[in-house]
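# Structural description and commentary
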Amino acid sequence: MTEHDALLRVFLSGAKKDLFHSVEHRSQIWREDPFDVEPVHADARTQFQRLLAHATTPPGLDSGRILMLLGESGSGKTHLLRAFRNHVHVHGLGFVGYMQMSTSITSYPRYLMSNLIDSLDQAYYESAGTGSGLLRLSNAIASRCGDPDAIRALNEKASLSAGDIIELVERAADRLIAHPRYADLDLDLVRALLFLQRHEPALKKRVVKYLRCEALVEGDRRFLGSISPKAGDDDAQRLVEELGRLIAAFDNRSLILCVDQFEDTWHSDDAAPEFRRVTSSLCGVADQVPSSIIVIACLEDYYTKLRSKLSRSTLDRLEHDPAPVRLVAERSANEVEHIIAQRLGYLYETSGVKPAHGVVDPLYPFPREFVLGRDGMRVRDVLNACHRFREACIEAGGIVEMKGLFRPEAAPSISTGAALDTKAAKEKIERDWNDFLAQYHEEQTESEVEIVKLFGWAVENCAEGLEGGYRFDVTPKGESLDIRIMVPCGNGDSSLGEVLFVALCNRGTQSGGLNRQIAAARKEAKQRVFAILRSTEFPTDRKTATWKTLDDITKKGGRKAVLEQSHQRMLDAFRKFRSEQGQRAHFQEWLREGKHLSKILPISHILDLENLERFEKARGSRPASRA
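Residues numbered from 1 in each chain as written. Predicted model: local features only at pLDDT ≥ 70, side-chain atom pairs only at ≥ 80, totals over all residues. Heavy atoms only, no water.

### Section: the pattern of salt bridges
According to the stated counting rule, one finds 55 salt bridges in the structure shown. In this structure, E464 and R578 form a salt bridge, with 2.7 Å as the shortest nitrogen-oxygen distance. Separated by 114 residues along the polypeptide, E464 in the loop between α19 (448-461) and β8 (471-477) and R578 in helix α22 (residues 565-581) bring together distant segments of the chain. In this structure R578 comes out as partly exposed when scored by relative accessible area, which is 21%. For the salt bridge of K556 with D552, the shortest nitrogen-to-oxygen distance reads 3.5 Å. A relative accessible area of 27% places D552 in the partly exposed class. One continuous salt-bridge network, built from bridges that share partners, spans K205, R206, K209, D220, E443 and E446. (Salt bridge = Lys/Arg side-chain N within 4 Å of Asp/Glu carboxyl O. Helix = DSSP H or I, 4+ residues; strand = E, 2+ residues; numbered from the N terminus. Buried < 20%, exposed > 50% of the residue type's maximum accessible area, 1.4 Å probe, protein only.)

Structure representation (structure tokens):
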């Protein structure tokens, strides 16, 4: 088989079906991006990285800066914000919060705080491990507080009472605040983050409630040493600012807030006042937080219409130091070549057939003359055409003529009223879901049995966002799940592709408790693929027995994932929203296109959704799987 034959075989397979997917989903912001092409929007990247360098090079900036990204629909604003987050986090230069302004909520400080905490409760950087941004902040405090004995006891000592934990946290926090560099930090915020050093789900839940400015009942406050709750709008604004100042105090790191789809406030009847309130809240953060960076992505025509409603001082903050960056949707032929080659390279490399550099045209099997002639097309149009070409080739079992496949999508016309109504209906559902999640304050369960059931519900329903007709049959059993992955094999039939045993292992690492729990669950898994779910970070010390056990499990095909508090809250809210709104017109289309469940990191990791092509050869068979 020649190298061309090997590449073509992979191209015509079902591997990476969403290779040329053109829409960036919100949940993908937290993931590394194998498709990013740095020459695209190079001016915006340079401007952002210049700001970041100024913010993180001592002495930093005495206040924040605002970077406006203005462009038309399809210019790649969300993709660019994802690239910004990856750049910041891979180099450890700060903490990025992401939010979409698809909301009708009028308390923007609360909305800002809610989305920032959800952002910080994601894995800081996927390749670096399972630790969240919140835990990274907690570790930064712990390493600087000057009381290693207190931190060691919080991490390692098994027999600590609630009072003991509170005493150790307060001791460490007081030591930190006594240092002149950290004297102005919010003491309660420092204490709250230090509680995360205990790695206990019940404590983590209450810390997140505090950070989200939710009401704390007396029992919650007792867990946190009678910490004073922050429940007002002003509290939310101040807490965002205090978090930013805390981040800046640690080696000049930067708080970056990425605000996407700014134009969606246009859907409100009070667009101009809301626009002013949002910009006022964001400018307030920039004014109060040293070395912060606020990135606002907005449709240019929307901003042009409403900028006259802003005060001169606000316009100065938005449009000077630095000036707005305009994003052009149309890409050059050279950029189109890089975009396609990047995705093809990922497809071939992950399939184990990537050829040596220069041996095969990196665009193969796309005819070069077609690609190089696409000067001026939008990325979305290019990717959609590439997707159509690949699908046509798969159906034909070989390379087809590309004529007509690179035709840009026509602009909507009066005759497409029904299509526009459908689009508007789905956009309205998305805004309603965004608002529902932001305002969701239902008490989250601490029952591990109920947490497992919630995760099982999400696994069972995530198939609606996948192509290929896969099905996940889930059977809960106490604190574990039996998951049978059913693979479509034609004529409406399915064959068994894989059986998983998923165990929730939330015991502490102290005195070997977690290691014993994992060993018992592994024994129960028997011949099934063994996967471990946990509500706090897995141990990172390579010298411990638990780390060695986990390493052995993953090397033998096992899996692990952290179901953070933000994931549990999102899944619980989504289950309720779906139950209440599922009968709305176009709701099922919204579910399929939104991929709200299948893109969640712990679900993707436990099911290994990035590698569903492993079942292509197994269609109609019953493969044996074990860890």
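### Overview of the pairing of β8
Both β8 and strand β9 (residues 480-488) contribute to a ladder of seven bridges, which runs antiparallel. Paired with T475 across the two strands is D482, which belongs to β9. Connecting the antiparallel pair β8 and β9 is a turn made up of two residues, with G478 showing a positive phi of about 65°. (Pairing = 2+ DSSP bridges.)

### Considerations on the confidence of the model for the chain
Mean pLDDT for the chain: 89, with 95% of residues reaching 70 or above. Low pLDDT (under 50) marks residues 410-415, which in the prediction has two contacts with non-local residues, meaning those over four places away or in another chain. Counted against residues more than four places away or in other chains, residues 620-627, with its pLDDT under 50, gives 24 contacts. (pLDDT = per-residue confidence, 0-100. Contact = heavy atoms within 4.5 Å.)

### Some remarks on the packing of helix α18 (residues 417-438) against α22
Where α18 meets α22, the axes come as close as 10 Å, and the angle between the chain directions of the two elements is 130°. Classified by the angle their axes make, α18 and α22 are oblique. The crossing of α18 and α22 is right-handed. Packed against α18, whose contacting residues are I429, D432, W433, F436, L437 and A438, the element α22 presents R569, M570, A573, F574, K576, F577 and E580 at the interface. For the contact of α18 with α22, the residue count by class is nine nonpolar, no polar and four charged. (Axes fitted to C-alpha atoms, helices over the stretch in contact; angles between N-to-C directions. Parallel < 35°, antiparallel > 145°, perpendicular 65-115°, else oblique. Left-handed = near helix turned anticlockwise from the far one by under 90°. Nonpolar A, V, L, I, M, F, W, Y, C, P; charged D, E, K, R; others polar.)

### Structural notes on the packing of aromatic side chains
The final tally for this structure, using the stated rule, is 22 aromatic pairs. Taking 4.1 Å as the distance between ring centres and 5° as the angle between the ring planes, the aromatic pair formed by F48 and F84 counts as stacked. With a gap of 36 residues between them, F48 in helix α2 (residues 42-56) and F84 in helix α3 (residues 77-90) connect regions that are remote in the sequence. For F84, a relative accessible area of 2% puts it in the buried group. (Phe/Tyr/Trp six-rings, centres within 6.5 Å; stacked < 30°, edge-to-face > 60°.)

### Considering the sheet that holds strand β12 (residues 559-562)
On the basis of which strands lie adjacent, the open sheet formed by five strands has the order β8-β9-β10-β11-β12 and mixed pairing. Strands at the two margins of the open sheet, each flanked by one partner only, are β8 and β12. Mean inter-strand twist for the sheet, computed between neighbouring axes without regard to direction, equals 25°. Of the strands in this sheet, β8, β9, β10 (494-504) and β11 (529-534) touch α19, which is tilted by about 170° from β8.

### A few points about helix α9 (residues 201-211)
In terms of residue burial, α9 counts as a mostly covered element, since nine of its 11 residues are buried. All of the buried residues in α9 are L203, K204, K205, R206, V207, V208, K209, Y210 and L211.

### Topic: the sheet that holds strand β2 (residues 94-100)
Spatial strand order, β2-β3-β4-β1-β5: five strands in an open sheet with parallel pairing. This sheet does not close on itself; its edge strands, each paired only once, are β2 and β5 (325-327). Each strand axis lies, on average, 20° off the axis of its neighbour in the sheet, ignoring direction. Of the pairings in the sheet, the one linking strand β1 (residues 65-71) to strand β4 (residues 293-299) comprises seven bridges and is parallel in character.

### Comments concerning unusual backbone geometry
In this model, P58 is joined to P59 through a cis peptide bond whose omega is 5°. Note that P59 resides in the loop between α2 and β1. The omega torsion of the bond from Y364 to P365 falls at 15°, within 30 degrees of zero and hence cis. Phi at H41 is positive, roughly 60°, even though this residue is not glycine. Topologically, H41 is positioned in the loop between α1 (3-11) and α2. Owing to a relative accessible area of 10%, H41 belongs among the buried residues under this scheme. Positive phi is not limited to glycine here, since H199 has a value of about 60°. Mapped onto the elements, H199 comes out in the loop between α8 (187-194) and α9.

### Details of the state of the cysteines
Going through the model one piece at a time under the given rule, you end up with zero disulfides. Between C258, a cysteine without a disulfide, and C298, which holds the nearest cysteine sulfur, the sulfur-to-sulfur distance is 14 Å. When its relative accessible area of 1% is taken as the criterion, C258 is described as buried. The closest cysteine sulfur to the non-disulfide-bonded C462 is located on C489, 19 Å from its own sulfur. On the accessibility criterion, C462 (1% relative accessible area) is buried. (Disulfide = S-S within 2.5 Å.)

### Re the pairing of β10
The buried fraction of β10 amounts to 10 of the 11 residues, a majority that puts the element mostly inside the structure. Two strands pair when backbone bridges link them, and β9 and β10 are joined in this way by nine bridges, in the antiparallel orientation. Bridging across to β10, I485 finds its partner in E498. Counting the residues that bridge the hairpin from β9 to β10 gives five residues, and of these G490 lies at a positive phi of roughly 90°. Inspection of the sheet shows β10 paired to β11 by five bridges, in the parallel sense. Residue pairing across strands places V502 opposite A531, the latter belonging to β11.

### Regarding the side chain of R45
Mapping R45 onto the fold places it in helix α2. The class for R45 is buried, based on a relative accessible area of 9%. In this view, R45 contacts D36, V37, E38, V40, L80, A83 and F84; residues no more than four positions away in its chain are not counted.

### Comments concerning the environment of H41
With 36 residues separating them along the chain, H41 and K77 place their C-alpha atoms 9.4 Å apart. The contacts of H41, once residues within four sequence positions are left out, are S75, G76, L80, L327, V328 and R331.

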